[in-house]
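Listed here are the chains, written in short residue letters.
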Amino acid sequence: MARYSPLVTLPKQTLTESGLLALDSSDSEVQLITRSFIELRSLSPIPLPVPASAATNIDPNTTPWSDRDKDLTVTVTTHRIVFQTKSSSHFLHHCAVLPNEDGVQATGGGWTSNRSYKIHLQSITHGDFYMIFRSGQKDRDAVLKQLSQALKRRQWEEAYNSSTSAKMGMHSHGNTQTSYQTTSVGIDAILKRNQDRHDRAKKLTQDAFGKGASSHKHKVSKDDKSKEVETLFREAKELTAIIHKYVATLEKDKRNQSNGDEGEDTTELTDMLQDMGMITALTKKTAGDQYHELLARQISDFLKQNRKFSIRKGGCGIMTLTDVYCLYNRARGANMISPEDLLEALGQMEALKLGMKLREFEDTHVKVLQETGFDDSVMSKKLLEYIDEKEKEKSKENITSVTDGFKAFFGQSTGMKVYVGVTALEAARVLKISPILANEQLLSAERSGYLCRDVTVEGTRFFRNLFV
Amino acid sequence: MSSTFQFPEFYSFPPFFTVQPNITTREKQMALWRELILSYHTSKKIKTLVVHDCPLWKNSAIRRELSHDDVKTVIADFVKSGHGEWEDDTHTRCRILWRKPEQLASDIYTWAETNGYINNVCTVYELHSGEDVDGMSFDGCDEELLRRALAILEDQGKCTMFKGETSSEDGIKFF
């Protein structure tokens, strides 16, 4: 059902696989705050024009114009304001907001008229808007604070500058940027370039961590500590880039020293850093009510995208919560999430249709995260295959070494099949999952009749179920 | 008498010696145990199973044996199925009913018919140890069990019993 409302006149926001905002990482865009129950109302007296690119199925002549969209979720990033419904996401870039102080204003909260809390947003491209906060003043003020800060900071411009200069093969930092069109050539030039890079990195680190920040061109006031943290946030991206570079150099050096084995560690480190590149550290403060949902989406993205930590590692599609917790928190580095939050977030995954869900095993109540398409019987069959294979081998060995007592007891000697079964630890190795999970898989296979058990003092072994 | 008993293949299957937690699996397992106990005792012509002294519980070839509790479970299931009876209240000796009395009764009557005992008389002793019963299901059978089978036949009007000088000389007349 096509609606013709302010939302559709805004450009479309791309989302990740799990429905998170796809932030422009090359532009170091950072998510600042998210709030829900927002109404977006256009103050334009005439219907807003439908942008040519979005003219999918809306015909302004036939579809009635509605000047408002209700129940939106709004996310403010360093670059834009994103409005989301359950099904679609649109954004307004900060550069389209009036640059002077009138751009965003608080209004509302009156006694009789104009009671709801609003932000009056003046855009160059789409006229005036009201963002009405149904949840009250607190949310409005929080959003307004972030929004006006983002507008003042004008990060998108800086990012644009740095990205263009980065194309020239440099890590620019404003006016420290130097040209490489020097006359020096050969080794001299390389050395100089290295020296320059070193200096810039040093300066950047200083800028980011403390003192330098105050003298920085962003006019950060000296005593405002929170601003320093913001600076750190901003610079964090570039810092990682520098770390990358160091690692790369390190690796190169190692390789030059012709010791191939050592290089492996550094490669792994590089990979890790790349894998862990979290774009935005999601916090309770920025996400508000949506925290757990966003967390769920982010974890889902994290587990799907990273080669190393993929939930499909070893072709299983199942993970213990301990693993999820450790991997995810390690990727966050700081600002970790609590086990309770993880549990809550994972609990929402099924409803959000993220392709994975929380599962509790029947008897042991062990909780795991598994892909929705995950099938226990696939695992069971894998186990059976392994058991059969193993017993075949053992039987071959055994034919030649049957004891006399055995012969006497059975009245026959050769061709006897040997049953060896499988322990949880072995299963863990075969299925490439943790022993806890392997045990659960064995029990589940037993429940569904694929396996049966033998309990001895040595422990429990599982066998192909020959009874059924 | 057959001295070597051919053990079924699952007797060397270790899980056979652990009572299975899965109900469906356990039912099948118990059925196999019942079969094994019965066929072992019938083919070896053993009339009584002494619970603490039964070789079946242990398979030394694969170094596995039923635990004390599991033995109880298995034998209780066996008795419940009607193929065994406790000889005492302490549940240490179990009479193995090679055939259930009803089956035995019809076996005896078929034997009597084919061997010309209808309207003739034979003794209880002849029935379990006589020359004519070689290879029959009640050959060497427990006398108590045999009498129960005969009582069933009597109820059906297929024979009458009369007292002899000793209990094994009790006579049966088939109709």
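None of the values given here were measured: they were computed from a predicted structure.

Participant: An account of the overall build of chain B is needed here, citing residue identities and associated values.
Facilitator: Looking only at helices and strands, chain B has five helices and eight strands in total. A buried classification covers 27% of the 175 residues belonging to chain B. Long-range pairs, those at least 24 residues apart, make up 56% of the contacts in chain B with a sequence separation of at least 6.

Participant: Which residues make up the overall build of chain A, and what values go with them?
Facilitator: Of regular secondary structure, chain A possesses 15 helices and twelve strands. Taking all 468 residues of chain A together, the buried fraction comes to 30%. Within chain A, residue pairs in contact and separated by at least 24 positions form 63% of the contacts whose partners lie at least 6 positions apart.

Participant: Residues and numbers for the interface of chain B and chain A, please.
Facilitator: Facing 19 residues of chain B, the contacting portion of chain A comprises 20 residues. Broken down by class, the residue content of the side of chain B that touches chain A amounts to eight nonpolar, ten polar and one charged.

Participant: Just give me the short version of the packing of helix α14 (residues 424–431) of chain A against helix α15 (residues 435–447) of chain A, but keep the residues and values in it.
Facilitator: All names here are of chain A. Contact pair α14 / α15: the axes reach a minimum separation of 8 Å and the direction vectors enclose 100°. Classified by the angle between their axes, α14 and α15 sit roughly perpendicular to one another. The residues of α15 that touch α14, namely those facing A424, L425, A427, A428 and L431, are P435, A438, N439, Q441 and L442. Grouping the amino acids of the contact of α14 with α15 by side-chain chemistry returns eight nonpolar, two polar and no charged.

Participant: Could you give an account of helix α3 (residues 101–114) of chain B, with specific residues and numbers?
Facilitator: With 14 residues, α3 of chain B ought to run about 20 Å at 1.5 Å a step, and its terminal C-alpha atoms sit 20 Å apart, in line with that. Its buried side turned inward, α3 of chain B meets α4 (124–129), α5 (143–155) and β8 (171–174) of chain B.

Participant: Describe the environment of H52 of chain B, with residues and values.
Facilitator: With respect to the helices, strands and loops of the structure, H52 of chain B is situated in the loop between β1 (48–50) and β2 (58–59). Residues H52 of chain B and V71 of chain B, spaced 19 residues apart in sequence, show a C-alpha to C-alpha distance of 9.0 Å.

Participant: Describe the sheet that holds strand β7 (residues 159–162) of chain B, listing the residues and the values that go with them.
Facilitator: Residues and elements named next belong to chain B. With respect to topology, three strands assemble into an open sheet ordered β6-β8-β7, the strand pairing being antiparallel. The sheet terminates laterally at β6 (121–123) and β7, the two strands that pair on one side only. Each neighbouring strand pair of the sheet contributes to a mean axis angle of 25°, computed without reference to strand direction. Across four bridges, the pairing between β7 and β8 is antiparallel.

Participant: So, unusual backbone geometry: which residues are in play, and what are the values?
Facilitator: Of note in this structure, F37 of chain A is not a glycine but carries a positive phi near 60°. Secondary-structure assignment places F37 of chain A in strand β1 (residues 31–42).

Participant: Could you give me a rundown of the environment of S444 of chain A, with the residues and numbers involved?
Facilitator: Residues and elements named next belong to chain A. Looking at the secondary structure, you find S444 in helix α15. What makes S444 partly exposed here is the crowd of 18 C-beta atoms within 10 Å. As a C-alpha pair, S444 and M379 span 65 residues in sequence and 9.6 Å in three-dimensional space. Setting aside residues up to four positions removed in sequence, S444 forms contacts with F361 and D376.

Participant: Help me get a handle on the nonpolar core, residues and values and all.
Facilitator: With 89 residues, the main nonpolar core has V74 and M131 of chain A as its most contacted residues. Broken down by element, this core gets its largest block of residues, six residues, from helix α9 (residues 291–305) of chain A. Not counting residues up to four positions away in its chain, the partners in contact with M131 of chain A are I38, L40, V74, K118, I119 and L121 of chain A. Listed in part, the 20 residues of the second largest apolar core include A112, L127, C141 and L145 of chain B.

Participant: Give a description of the sheet that holds strand β7 (residues 127–133) of chain A that names residues and reports values.
Facilitator: Residue and element names in this part refer to chain A. Overall, antiparallel pairing links the seven strands, which are arranged β4-β3-β2-β1-β7-β6-β5 in an open sheet. Every other strand in the sheet has two partners, leaving β4 (89–93) and β5 (104–107) as the edge strands with one partner each. The average angle at which neighbouring strand axes cross in this sheet is 35°, direction not considered. Where helix α2 (residues 137–153) meets the sheet, its contacts fall on β1, β2 (68–77), β3 (80–84), β5, β6 (117–123) and β7, and the angle it forms with β1 comes to roughly 110°.

Participant: Explain the confidence of the model for chain B to me, using residue names and the numbers behind them.
Facilitator: Residues of chain B with pLDDT of at least 70 account for 98%, and the chain-wide mean is 84. Interface scoring of the predicted complex returns ipTM 0.72; its pTM is 0.58.

Participant: For the packing of α3 of chain B against α5 of chain B, give the residues involved together with the corresponding values.
Facilitator: Residues and elements named next belong to chain B. Where α3 meets α5, the axes come as close as 8 Å, and the angle between the chain directions of the two elements is 75°. Here α3 is positioned roughly perpendicular relative to α5, judged by the angle of their axes. In this structure, α3 uses P101, E102, L104, A105, I108 and Y109 to contact α5, whose residues at the interface are L145, R148, A149, I152 and L153.

Participant: Residue-level account of the environment of T48 of chain B, with values.
Facilitator: As for its position among the elements, T48 of chain B is in strand β1. Residues in contact with T48 of chain B, not counting those within four places in the same chain, are E87, R93, C94, R95 and I96 of chain B.

Participant: I'd love a proper account of helix α2 (residues 68–80) of chain B, names of residues and values included.
Facilitator: Residues and elements named next belong to chain B. With 13 residues, α2 ought to run about 18 Å at 1.5 Å a step, and its terminal C-alpha atoms sit 18 Å apart, in line with that. All of the buried residues in α2 are V74, I75 and F78. Within α2, the buried residues cover an arc of 90° as seen down the axis, which keeps them to one side. α2 presents D69 and K80 as exposed residues on the side facing more than 90 degrees away from its buried surface. Those residues of α2 hidden inside the fold are in contact with α1 (23–43), β4 (84–86) and β5 (93–96). Residue G82 follows α2 closely and has a positive phi angle near 95°.

Participant: I'd like to hear about the confidence of the model for chain A, residue by residue, with values.
Facilitator: All names here are of chain A. Across chain A, pLDDT averages 74, with 67% of residues at or above 70. Below a pLDDT of 50 lies the segment residues 165–182, which in the model reaches 21 contacts outside its immediate sequence neighbourhood of four places, other chains included. Segment residues 273–280: pLDDT under 50, and 17 contacts once partners within four positions in sequence are set aside and those in other chains are kept.

What counts and what doesn't
- Residues numbered from 1 in each chain as written.
- Chains lettered and ligands numbered in written order.
- Predicted model: local features only at pLDDT ≥ 70, side-chain atom pairs only at ≥ 80, totals over all residues.
- Helix = DSSP H or I, 4+ residues; strand = E, 2+ residues; numbered from the N terminus.
- Buried ≥ 20, exposed ≤ 12 C-beta atoms within 10 Å, placed from the backbone.
- Contact = placed C-beta atoms within 7 Å.
- Nonpolar A, V, L, I, M, F, W, Y, C, P; charged D, E, K, R; others polar.
- Axes fitted to C-alpha atoms, helices over the stretch in contact; angles between N-to-C directions.
- Parallel < 35°, antiparallel > 145°, perpendicular 65-115°, else oblique.
- Expected span 1.5 Å × (residues − 1).
- Pairing = 2+ DSSP bridges.
- Core = buried A, V, L, I, M, F, W, Y, C linked by C-beta atoms within 7 Å.
- pLDDT = per-residue confidence, 0-100.
- Arc of directions from axis to C-beta.

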